[in-house]
Amino acid sequence: MVGSGSRRIGVGLLGFGTIGTGVVKVLQQNADVISQRLGFALELVRIADLDTETDRGVSLDGVRFDSDAAGLIADPEVDIVVELIGGYDIARRFMLDAISQGKHVVTANKALLALHGKEIFGAAKEAAVGVGFEAAVGGGIPILRSLREGLAANHVESVLGILNGTTNYVLTEMERTGEAFDVVLKRAQELGYAEADPTFDVEGIDAAHKLALLIGMAFGAELTYEDIPTEGIVRMTPVDFQLAQEFGFRIKLLGIAKCHRSDDGEESIEARVAPAMVPLKSMLANVDGAMNAVEVKGDAVGPTLYYGAGAGEMPTASAVVADLMEIAREIQREGGGGPVSPLSYQAESIRPKAAVSPDEVEGRSYFRVSAQDEPGVLSRIAGALGESGVGIESVIQRRSEQGGMVPVIILTHPSSEGALRRALETLDGLDCVQAPSVQIRIEEDV
Ligand code: HSE
């Protein structure tokens with residue numbers, strides 16, 4: 001254990017597969033921001049994996065890498081053990097071994113927690129060590145942290161969402177292509193979206209594991225995934241998607257949990273994982289492909305929505321490393337370190353940074369110009385834009401309004417903010433333009 005006043009925390013990684021490699025990348029590539037926020041460094045000390053031959057494409061300078069998991073757990077340089085082996089038995093044993101030796105643990109293994117969570121959390125409480133598992137639900141989405149911290153003042157009324165990326169990809173593709181479940185699943189496997197054995201995903205079990213964890217965090221309720229009625233997507237056929245569309249719906253595999261409170265304060269939990277029809281206009285209906293989204297409704301805050309990559313190397317590693325940082329802060333605090341910096345970065349890491357000049361920002365714009373409806377006006381408008389260096393992507397001219405004015409709508413090519421501003425000034429200086437033109441920027445990245 002790192003002692004009082006020490007400024008380094010040692011990390012040991014059990015399992016050097018896809019997510020493990022992502023964790024190494026995040027720790028290395030983002031070492032600057034991690035230490036600027038923590039005020040000290042997180043040091044990857046050791047990695048253990050049975051496969052010590054495969055080149056993972058990351059530098060392991062200064063990192064001990066072998067197949068000795070027990071040695072890693074016992075290593076006094078290792079303060080936090082990250083379990084990324086997956087599965088049940090070995091992962092459980094390593095987690096419990098690490099905890100019994102006073103090591104904090106971080107995992108992305110929802111199946112393990114769904115089955116052995118009570119034992120692991122109990123052991124961690126007894127040993128007074130932290131357990132981080134943000135990556136177990138929603139991949140990179142900080143949904144557990146939001147429930148634990150940001151929404152902590154609420155009675156949570158419901159938690160529901162798309163908790164499995166594989167099935168969301170399959171459903172999205174079935175709707176888009178009209179192809180059968182088996183055909184789309186095979187393609188998903190070829191593209192690496194679905195596992196060779198996709199049972200946990202397509203039968204809804206993975207979503208149920210995650211929902212059980214969410215229920216614990218949201219309602220303080222002890223419910224195992226086996227208590228959750230679970231239905232997968234294997235019976236969906238192309239006709240279901242066509243008819244859903246006709247009725248104004250889209251089919252999504254949802255994990256749903258609601259807390260019912262009786263007048264005398266008794267609480268009961270409604271929970272299920274099942275394909276559901278959601279209105280086409282709803283936000284969840286528009287979560288496509290392998291993305292995840294979770295809606296949490298609190299009695300004070302109302303509905304909130306969390307969206308992002310529910311799986312994948314770097315998004316999942318992002319959540320694992322956030323857990324490492326949280327536990328590392330806790331270790332430092334116990335050793336006499338101060339509280340978490342209120343601005344996220346340590347005060348000494350916050351310094352002025354140059355503001356990008358608006359003239360350097362590029363984007364497309366919509367212009368609405370109120371022009372006189374006379375011959376030659378359109379060419380003068382186009383000329384004004386051309387002079388300012390703004391290209392036109394398309395033009396629409398509506399019918400004349402009262403007073404012989406006509407709205408001319410222009411969609412520009414990507415142009416600098418400076419050029420767009422000059423164009424607007426030139427346009428508004430034309431005598432055929434009768435009212436200030438309106439500019440609305442097109443944000444492509446939303
Ligand atoms: N198999 C999971 C999914 C990814 O498809 O969402 C990890 O939770």
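No experiment lies behind these values; they were computed from the predicted model shown. (Residues numbered from 1 in each chain as written. Predicted model: local features only at pLDDT ≥ 70, side-chain atom pairs only at ≥ 80, totals over all residues. Heavy atoms only, no water.)

1. Remarks on unusual backbone geometry
As a reminder of what qualifies: Helix and strand definitions here come from DSSP, where helices need a minimum of 4 consecutive H or I residues and strands a minimum of 2 consecutive E residues; each element is numbered from the N-terminal end.
A positive phi is found at Ala128, a non-glycine position, where the angle reads about 55°. Checked against the element boundaries, Ala128 lands in the loop between α5 (110-127) and β6 (131-132). Unusually for a residue other than glycine, Ser344 sits at a positive phi of about 75°. Mapped onto the elements of the fold, Ser344 is located in the loop between α12 (313-334) and β12 (362-372).

2. Some remarks on the site of the ligand
Applicable threshold: The criterion for a residue being near a molecule or strand is simple. One of its heavy atoms has to lie within 4 Å of it. Counting of polar contacts relies on pairs of N or O atoms within 3.5 Å, with two restrictions inside protein: one atom must be capable of donating a hydrogen and the other of accepting it, and residues adjacent in sequence are counted only when both atoms are side-chain atoms. A cavity here means a set of points on a 1 Å grid, drawn over the protein atoms and nothing else, where a 1.4 Å probe fits but cannot get out; a pocket is an open set with protein on both sides within 12 Å along at least five of seven lines, and a residue lines either one if it has an atom within 4 Å of a point. Assignment to a cavity or pocket requires that more than half of a molecule's atoms be within 2 Å of the site's grid points. Just so you know the grouping, Ala, Val, Leu, Ile, Met, Phe, Trp, Tyr, Cys and Pro go in nonpolar, Asp, Glu, Lys and Arg go in charged, and all remaining residues, Gly too, go in polar.
Around the ligand, the neighbouring residues are Lys110, Asn164, Gly165, Thr166, Asp201, Asp206, Lys210 and Ala311. Here an oxygen atom of the ligand sits 2.7 Å away from a polar atom, N or O, in the side chain of Lys110. For the ligand, an oxygen atom lies 2.5 Å from a polar atom in the side chain of Thr166. According to the grid-proximity analysis, the pocket containing the ligand is the largest pocket. Mapped by element, the contributors of at least two residues to the shell around the ligand are α7 (165-177) and α10 (205-219). Across the shell around the ligand, the residue classes tally to one nonpolar, three polar and four charged.

3. Things to note about the domain arrangement of the protein
Stated formally: Each domain's extent was defined by an automatic or database domain assignment.
What the domain assignment lists for the protein is domain 1 (8-139 + 313-349), domain 2 (150-309) and domain 3 (359-442). For domain 2 versus domain 3, the separation of C-alpha centres amounts to 45 Å.

4. Regarding the pairing of β12
Applied cut-off: Any two strands between which DSSP finds at least two bridges are classified as paired.
Summarising the sheet, β12 and strand β15 (residues 415-416) pair through two bridges and their orientation is antiparallel. Within the sheet, the bridge partner assigned to Gly363 lies in β15 and is Ser415. Here seven bridges tie β12 to strand β16 (residues 433-442), and the two strands are oriented antiparallel to one another. Considered in β16, the bridge of Ala371 is made with Val433. In the sheet, β12 pairs with strand β14 (residues 405-412) via seven bridges, with the strands oriented antiparallel. Within β14, the residue paired with Arg368 across the bridge is Ile409.

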